[in-house]
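# Coordinate analysis (summary)
Each chain, written out:
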Amino acid sequence: MADIDKLRAIASQVRRDIVRMVGLAGSGHPGGSVGSTDILTALFFEVMKQDPKTWTRSAKGQDAFILSAGHLAPVYYSILSRAGYFPKEELATLRKFGSRLQGHPSTEAGLPGVFQPSGSLGQGLSAAAGIALGKKMDGELTRAFVLCGDGESEEGQIWEAAMFAVHHKLGNLIAMTDWNGQQIDGPTTSITAVEKLDEKWRAFGWNVIIANGHDFNEILGAFAKAAESKEVPTMILFKTDMGHGIDFMEGTHKWHGKAPKPEEVEAALAQLDETLGDF
Ligand SMILES: Cc1ncc(C[n+]2csc(CCOP(=O)(O)OP(=O)(O)O)c2C)c(N)n1
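Just so we're clear, the structure is a prediction, and the values are computed from it rather than from any experiment. (Residues numbered from 1 in each chain as written. Predicted model: local features only at pLDDT ≥ 70, side-chain atom pairs only at ≥ 80, totals over all residues. Heavy atoms only, no water.)

Turning next to the overall build of the protein chain. Within the protein chain, the secondary structure is distributed over 10 helices and 7 strands. C-alpha extents for the protein chain along the principal axes are approximately 50 × 45 × 40 Å. Burial statistics for the protein chain: of 279 residues in total, 54% are counted as buried. Taking as baseline every contact in the protein chain between residues at least 6 positions apart, the subset at least 24 positions apart corresponds to 75%. For the protein chain, the accessible area works out to roughly 11500 Å², and carbon and sulfur atoms hold 51% of it. Placing the 27 positive and 35 negative side-chain charges of the protein chain at their respective mean positions leaves the two points 4 Å apart. (Helix = DSSP H or I, 4+ residues; strand = E, 2+ residues; numbered from the N terminus. Buried < 20%, exposed > 50% of the residue type's maximum accessible area, 1.4 Å probe, protein only. Contact = heavy atoms within 4.5 Å. Areas by Shrake-Rupley, 256 points an atom, 1.4 Å probe, with all protein chains shown as cover. Lys, Arg positive; Asp, Glu negative; His and termini not counted. Charge placed at Lys NZ, Arg CZ, Asp CG, Glu CD.)

Rendered as structure tokens:
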């Protein structure tokens with residue numbers, strides 16, 4: 001049985017980390033990061049088979065994760081550090097020259113846990129499909145996970161990968177969409193409407209699951225259902241709110257890529273319990 005209180009406590013600390021990191025850096029992407037915190041907390045602390053002590057990009061017997069929406073680097077870095085991949089003090093170096101924590105994840109920077117560079121939207125699903133195919137060819141029973149954005153899903157390469165994964169029967173590929181209805185310039189409906197995502201993924205032949213991305217029971221239930229699909233890739237559409245957990249960031253694209261000022265950092269921290277010690 002998953003310890004939901006433990007997951008909630010980790011998620012609160014991760015949200016604190018994100019706000020403080022982006023505030024210190026003076027730039028970055030807090031809205032989608034705090035919005036996808038619950039999904040990635042459940043994934044890294046309950047679902048995925050990964051061992052920070054033995055992790056390398058070529059390690060056998062471990063699941064792979066790709067953050068296709070690479071601008072969500074703050075949540076990724078916080079989770080990796082809190083899961084034990086590197087010391088939490090390094091979180092203070094986000095976006096600094098020479099830091100391993102670049103504005104978008106880089107494998108060249110050598111940060112443990114980062115499997116694939118990302119930031120140029122639309123590519124991560126293709127990479128994850130390739131990894132899933134490789135695992136299948138090697139007879140490995142591990143899986144490839146990838147998190148995409150809904151705005152990102154306006155990229156054509158996503159749908160090319162969607163066809164590839166079904167063609168190759170990649171049941172070991174679990175994709176997730178942070179379905180917050182927002183992207184950089186406004187609601188997705190006002191940019192290039194990608195709705196209805198569920199019907200689109202079903203039409204492409206995927207196993208589609210819809211879940212509340214802020215309810216740990218639903219999130220874990222979705223991953224459990226995904227594990228039952230053996231030959232068909234799964235897309236979990238997680239309904240989320242951009243900025244979830246910080247009242248003045250919630251539900252608006254305005255915090256997609258804007259750093260909070262010092263007083264806004266304080267206002268946000270007042271809403272989030274410090275559960276694991278700030279960096
Ligand atoms: C190929 C490419 N085009 C454009 C961008 C600029 N860009 C960065 S984030 C973003 C919006 C992404 O929206 P979404 O995936 O919904 O993320 P969210 O706003 O929810 O964080 C865009 C257009 C990019 N990084 N890569």
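Let us look at unusual backbone geometry. In this structure, Lys196 follows Glu195 across a cis peptide bond, with omega equal to 0 degrees. Inspection of the secondary structure assignment puts Lys196 in the loop between α7 (189–192) and α8 (197–203). Despite not being glycine, Arg95 shows a phi value in the positive range, around 65 degrees. Turning to its location among the elements, Arg95 is positioned in the loop between α4 (73–82) and α5 (124–137). The backbone of Lys169 shows a phi angle near 50 degrees, a positive value even though the residue is not glycine.

Turning our eyes to something else, we now look at the packing of α5 against helix α6 (residues 156–167). In a pair of packed helices, the angle between the axes and the distance between the axes together describe the arrangement. At a minimum axis distance of 8 Å, the contact between α5 and α6 shows a crossing angle of 20 degrees. Classified by the angle their axes make, α5 and α6 are roughly parallel. Both α5 and α6 take part in a crossing whose hand is left-handed. Two secondary-structure elements touch here, α5 through Leu125, Ser126, Ala129 and Leu133 and α6 through Gln157, Ile158, Ala161, Ala162 and Phe164. (Axes fitted to C-alpha atoms, helices over the stretch in contact; angles between N-to-C directions. Parallel < 35°, antiparallel > 145°, perpendicular 65-115°, else oblique. Left-handed = near helix turned anticlockwise from the far one by under 90°.)

On to the environment of Glu228. Within the secondary structure layout, Glu228 lies in the loop between α9 (216–226) and β7 (234–239). Along the primary structure Glu228 and Gly171 are separated by 57 residues, whereas in three dimensions their C-alpha atoms are 8.8 Å apart.

The gaps of empty space that remain are located by a probe, the size of a water molecule, rolled over the atoms. The full count for this structure, using the stated rule, is 1 cavity of 30 Å³ or more. Approximately 30 Å³ is the volume attributed to the largest cavity. Taken together, Ser68, Gln116, Pro117, Ser118, Ser120, Gln123, Gly124 and Ala127 form the lining of the largest cavity. Residue composition of the lining of the largest cavity, grouped by class: 2 nonpolar, 6 polar and no charged. (1 Å grid on protein atoms, 1.4 Å probe; cavity = no way out; pocket = protein on both sides within 12 Å on 5 of 7 lines; lining within 4 Å. Points joined across faces, edges and corners; volume = space filled by probe spheres on them. Nonpolar A, V, L, I, M, F, W, Y, C, P; charged D, E, K, R; others polar.)

Treat this as a map of the structure, not an account of what it does.
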